[in-house]
Amino acid sequence: MTDTAPVGATTGGAFGWTPIDKPQAEQARANLIDYDRTCREFSWEKARSELAGLPHGGLNIAYEAVDRHAEGPAADRPALRWLPATGGEVVLTYADLAVATNRFANVLRGMGIRRGERVCVLLGRTPELYIAVLGALKAGCVVSPLFSAFGPEPVRQRLEISAAAALVTSTALYRKKVAPIRDAVPALRTVLITDGLGETGEMFADDLAAAMAVADAEFPIVRTYADDAALMHFTSGTTGKPKGALHVHGAVLAHRVTARYALDLRAGDIFWCTADPGWVTGMSYGVIAPLCLGATVISDEAEFDARRWYDILTTQQVSVWYTAPTALRMLMRYGDRLPEETDLSALRFITSVGEPLNPEVVVWSERVLGRPVHDNWWQTETGAIMIANLAAAQVRPGSMGRPLPGIEATTLRRGPDGRAAVVDGAVRPAEPGEVGELALRPGWPSMFRAYWGESERYARCFAGSWYLSGDLARRDADGYYWFVGRADDVIKSAGHLVGPFEVESALMRHPAVAEAGVIGTPDPVAGELVKAFVLLRPGYQASEELLAELTVFGRKALGAVAPKQIEFTEGLPHTRSGKVMRRLLKARELGLPEGDTSTLEGPS
Ligand code: ATP
Ligand code: MG
């Protein structure tokens, strides 16, 4: 098998799964009906007219997300329905959110936090998080959301890299994660505690609640422009030390447009994005995009729990649901029988991102949830969804879909290092079916503008007028993209190119397998051997017989590139954002130092 005939080609080119067509009536209801025509006619320039812009000129994400609605007929529509972990529900309308964010912007200004300064927000999924982020954007600050389950060291790293002037957090998080590293971040001038003071005596703002209560409910939004910095998002750290990707206010256009096309989202939808706003998905699509479109955002404070999730989908009447493959696999592990009284009749669209979505999940979802999952692809760097399975289009299980209108994508021929080959400054497109590096033509509004403090690294992301994603994919003759792996994850075994995802997907077709992680281990003859770590579903026991069965199963599905070794594991290492960390599996296997594992440090 060669680069032009990767594993999928032997199994029908599409993992052998039957494509899922949509009923006509469903297609007719979609936001994007005619893909080819929309792609031909779309331009970002024309789309810009969708934005309101600040009343006196300029562009600010928070205005597009909040005040634009608060000043119109949607003022009393719920913007946020917050579900506390302890039960109950708190609703904030667009008008409520406008006032709260104005107050917060006034408090920040009162504390001497200036335009362009970085404000880190380290909060669980609570209304304060939404208020702090949007309020800081109104004040012209650059917001960096930090995932609240990080331990002190990842928090320190990010505060240091961003040179944040202010941090917004809670008493509990402060005590656990900030106090131990407070002295190591002297640039941090102000810490705002959202839930009162406790005994954190060194706070400059010693009672935020009181400050909010007396702050002016009006705030003239700082006149930012499309190219002004708005957000600094750290990458997940799957392949190494997390990078700080800088995004601008103009990105809001991409959030709006892509949510409409790829999530089929519209005003009045009840939208649940399960990603934490501490990550780019949770911020772009859990906060900004749905608010811009006038949807109602569901925010659940609690951690994953299958019953609770089915209950939220039912009682909140969620119409569009954006989640992740790991979560869906966990629901699959829970079983095919949904908890009693589950009612998914309001659910119009299910979609997923973040790591490969194995076709099994798409088919399970269609069968058990009544709708297929629509995979889409993007990165922290791209700031918005680039490639997606669309509501009105055929779903090809295992494929990430097609580039959105306004996005020009390609796959590029690879050189000996596995990345796009640059010869005399030029790159060449790969053939349909050939594995190449997934690349995008710069120019969409949410493209990152810098890796904070790493300009050389940023420059290395571009070649011959393309942005290089670092991911490998195949494009089929119809323009659908198929994820193969990250350029540095792909295994070369006895002359075969093996994408770990295809091997993992094949193993996950076995009823005993809940999740798999596949790596290459060095071999003097073959170069690398394929090794799989397998997590079993409840009710299955690790045994020699099962091992033999899985080995045969793998060989039947994959032939020459089947895993030579399979090991049962109690759990696979995931990043905090939920991705399988193959580099860690590999480091452990080879007895190497595990490198930067900061993203794994969790709630202590
Ligand atoms: P780091 O860059 O720090 O190693 P990361 O790449 O995991 O971390 P993110 O920007 O959060 O950080 O993730 C983007 C990556 O996630 C993509 O480059 C791709 O490898 C993977 N990914 C995202 N969506 C999909 C998808 N639908 N299918 C397969 N992989 C995906
Ligand atoms: Mg990355």
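### Some remarks on the overall build of the protein
When helices and strands are counted, the protein shows 19 helices and 26 strands. Relative to the compact-globule value of 25 Å for 604 residues, the protein shows a C-alpha radius of gyration of 24 Å, a close match. Overall, the C-alpha framework of the protein stretches about 70 × 60 × 55 Å when taken along its three principal axes. The burial tally for the protein puts 61% of its 604 residues in the buried class. Restricting to contacts in the protein with at least 6 residues of sequence separation, those with at least 24 account for 71%. Surface summary for the protein: the accessible area is close to 22,600 Å², and the carbon and sulfur share equals 51%. Here the protein contributes 63 positive and 72 negative side-chain charges, whose respective centroids are spaced 3 Å apart.

### Overview of the pattern of salt bridges
Inspection of every chain in the model, using the stated rule, returns 33 salt bridges. A salt bridge links E437 to R419; the shortest N-O distance between them is 2.7 Å. One end of the pair, E437, is in strand β17 (residues 436–440); the other, R419, is in the loop between β16 (409–412) and β17, with 18 residues separating them in the sequence. Classification of R419 by relative accessible area gives partly exposed; the value is 29%. R474 is the partner of E502 in a salt bridge, and the nearest nitrogen-oxygen pair spans 3.2 Å. A residue pair is termed long-range when its members are at least 10 positions apart, and E502 in helix α17 (residues 500–507) and R474 in strand β20 (residues 466–475) qualify at 28 residues.

### Brief notes about the packing of aromatic side chains
Counted according to the given criterion, the structure contains 19 aromatic pairs. Measuring from centroid to centroid gives 4.9 Å for F42 and W44, while their planes differ by 85 degrees, and the two rings are edge-to-face. Pairing Y285 with W378 gives two aromatic rings, centres 5.2 Å apart and planes at 80 degrees, and the pair type is edge-to-face. Taken as a pair, Y285 in helix α12 (residues 280–292) and W378 in the loop between β13 (373–377) and β14 (387–388) lie far apart in primary sequence, 93 residues in all. A residue is classified by how much of its surface remains accessible, and W378, at 9% relative accessible area, is buried. The structure contains a cluster of three or more aromatic residues connected by ring pairs, namely W444, F448, Y451, Y458, F462 and Y467. A cation sits over an aromatic face here: R260 above Y261, 5.2 Å from the ring centre. In this arrangement the basic side chain of R441 is found over the ring face of W466, its NZ or CZ atom lying 4.1 Å from the centre.

### A few points about helix α11 (residues 251–262)
A rise of 1.5 Å per residue sets the reference length of α11, with its 12 residues, at 16 Å; its end C-alpha atoms lie 16 Å apart and thus fit the reference within 8%. Buried residues dominate α11, accounting for 12 of its 12 residues. Within the sequence span of α11, burial applies to A251, V252, L253, A254, H255, R256, V257, T258, A259, R260, Y261 and A262. Directly after α11, the chain includes D264, whose backbone phi takes a positive value near 55 degrees.

### What about the site of ligand 1?
Surrounding ligand 1, one finds 22 residues, the nearest of these being T235, T238, T239, N376 and T380. In the environment of ligand 1, an oxygen atom lies 2.5 Å from a nitrogen or oxygen atom belonging to the side chain of T380. Between D471 and ligand 1, the recorded distance is 2.7 Å, taken from a side-chain N or O atom to an oxygen atom. Contact with the protein chains hides 95% of the accessible area of ligand 1, taken as 630 Å² for the molecule alone. Every element with two or more residues in the shell around ligand 1 is listed here: β13 and β21 (481–486). Of the residues forming the shell around ligand 1, the biggest block, 3 residues, is contributed by β13. For the shell around ligand 1, the residue count by class is 6 nonpolar, 9 polar and 7 charged.

### As for the domain arrangement of the protein
You can read the domains of the protein as domain 1 (48–232) and domain 2 (498–600). On a C-alpha basis, the centroid separation for the pair domain 1 and domain 2 is 41 Å.

Reading the values: the criteria
- Starting from 1, residues in each chain are numbered consecutively following that chain's sequence as written.
- Numbering of ligands from 1 and lettering of chains from A proceed in the order in which they are written.
- At least 70 in pLDDT is required for a residue's local features to be given in this predicted model, at least 80 for side-chain atom pairs to be given and counted, and no such filter applies to totals for whole chains, interfaces and linings, which use all residues.
- Calculated side-chain values reflect all of the structure's heavy atoms, with hydrogen atoms and water omitted.
- A run of H or I in DSSP becomes a helix once it reaches four residues, and a run of E becomes a strand once it reaches two; helices and strands are each numbered from the N terminus.
- Throughout, radius of gyration means the C-alpha value; the globule benchmark is 2.2 Å times the number of residues raised to the power 0.38.
- In this scheme, a residue with accessible area under 20% of its type's maximum is buried, one over 50% is exposed, and one in between is partly exposed, where area comes from a 1.4 Å probe on protein chains only.
- By definition, residues are in contact when any of their heavy atoms lie within 4.5 Å.
- Accessible surface area values rest on a Shrake-Rupley calculation with a 1.4 Å probe, where residue burial reflects the displayed protein chains alone.
- In this tally, Lys and Arg are treated as positive and Asp and Glu as negative; His is ignored, and so are the chain termini.
- Note on charges: their place is set at NZ of Lys, CZ of Arg, CG of Asp or CD of Glu.
- Here a salt bridge means any side-chain nitrogen of Lys or Arg lying within 4 Å of a carboxyl oxygen belonging to Asp or Glu.
- Two rings from Phe, Tyr or Trp (for Trp, the six-membered ring) form a pair when their centres sit within 6.5 Å of each other. Planes less than 30 degrees apart are called stacked, planes more than 60 degrees apart edge-to-face, and all others tilted.
- By definition, being over a ring means that NZ of Lys or CZ of Arg is both within 6 Å of the ring centre and within 35 degrees of the ring normal.
- Take the residue count of a helix, subtract one, and multiply by 1.5 Å to get its expected span.
- Here, proximity means that at least one heavy atom of the residue falls within 4 Å of the molecule or strand.
- Whenever a nitrogen or oxygen atom comes within 3.5 Å of another N or O atom, the pair is scored as a polar contact, on the condition that within protein one atom can donate a hydrogen and the other can accept it, and that pairs from neighbouring residues in sequence are kept only if both atoms are in side chains.
- Ten residues, namely Ala, Val, Leu, Ile, Met, Phe, Trp, Tyr, Cys and Pro, are considered nonpolar, four, namely Asp, Glu, Lys and Arg, are considered charged, and the remaining ones, Gly among them, are considered polar.
- What counts as a domain boundary in this text is fixed by an automatic or database domain assignment.

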